[in-house]
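Topology and contacts: notes
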Amino acid sequence: SGGLTYSASLKYKLACGAVVIVFQGRYSEFYYPALQPGTHLLSFPEAPRDQLLSHIAPRIKAAITRLETSPPPPQQQKHADTSPPQHGDTSPPPPASPLPPPASTPPHLALAAREFAVRQLSEAALGCYWYKALLAYGGLYFAESGAHVPKEVQLG
């Protein structure tokens, strides 16, 4: 995400359940301030190529190494279906997955990023955000003067 123009891809990257590396840019979405570097993603400053290679790249490598060597988060207990087959059920067991089991548990950062996306960027959560944003905008639009606008809102 980031770059020279607006990019809507960060929410999709967060939802993938992988470690997300972002470069701080000029453009952002409303939810960016809620993301915590080191908790939901790895964030680094944008820099010219020479500084990127000499200063930022080693920091990225160190952060990834820390993630790879950190202990996995506690696993949630999975409850297997241990109920006996129903009488007369002659259906074969489900086929084994063609995919091998994952080599390891995703880093805590990836799990937190996915959880953030699922909870904060769902259709219902976005609807709630836009509803509240439009209510707030209505209050500003119909304010009689700047004196009626909350101090948190900067007017030009």
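Small disclaimer: the values here were computed from a predicted structure and weren't measured.

Side note on a nonpolar patch on the surface
Where nonpolar side chains cluster on the molecular surface, the patch consists of Tyr137, Tyr141 and Phe142 and spans about 420 Å² of accessible area. On the basis of relative accessibility, which here comes to 53%, the residue tyrosine 141 falls in the exposed class.

Observations regarding the pattern of salt bridges
Applying the stated criterion across every chain, the model contains one salt bridge. For glutamate 115, the salt bridge is made with arginine 119, and the minimal N-O distance between the two is 2.2 Å. On the criterion of helical spacing, the pair formed by glutamate 115 and arginine 119 is a turn pair, its members being four residues apart in helix 3 (residues 108-120). Take glutamate 115: its relative accessible area is 38%, and that puts it in the partly exposed class.

Focus: the nonpolar core
Among the nonpolar cores identified, the biggest contains eleven residues, and these are Leu10, Leu14, Val20, Val22, Tyr31, Leu35, Leu41, Ala113, Phe116, Ala117 and Leu121. Within the residue set of this core, elements represented by two or more residues are helix 1 (10-15) and helix 3. Ranked by the residues each element gives to this core, the list is headed by helix 3, at three residues. Setting aside its immediate chain neighbours within four residues, leucine 14 contacts Val20, Tyr31, Leu35, His40, Leu41, Ala113, Arg114, Phe116, Ala117 and Leu121. Judged by nonpolar contacts, the second largest core, of seven residues, contains Leu42, Phe44, Ile60 and Leu67.

Some remarks on the environment of lysine 13
For lysine 13, the location among the structural elements is in helix 1. Note: C-alpha distance between lysine 13 and alanine 117 (104 residues apart in sequence) is 9.0 Å.

Here is what the cut-offs are and how they apply
- Residues numbered from 1 in each chain as written.
- Predicted model: local features only at pLDDT ≥ 70, side-chain atom pairs only at ≥ 80, totals over all residues.
- Heavy atoms only, no water.
- Patch = residues over 30% accessible without salt bridge, like charges linked within 9 Å, V, L, I, M, F, W, Y side chains within 5 Å.
- Areas by Shrake-Rupley, 256 points an atom, 1.4 Å probe, with all protein chains shown as cover.
- Salt bridge = Lys/Arg side-chain N within 4 Å of Asp/Glu carboxyl O.
- Buried < 20%, exposed > 50% of the residue type's maximum accessible area, 1.4 Å probe, protein only.
- Helix = DSSP H or I, 4+ residues; strand = E, 2+ residues; numbered from the N terminus.
- Core = buried A, V, L, I, M, F, W, Y, C linked by side-chain atoms within 4.5 Å.
- Contact = heavy atoms within 4.5 Å.

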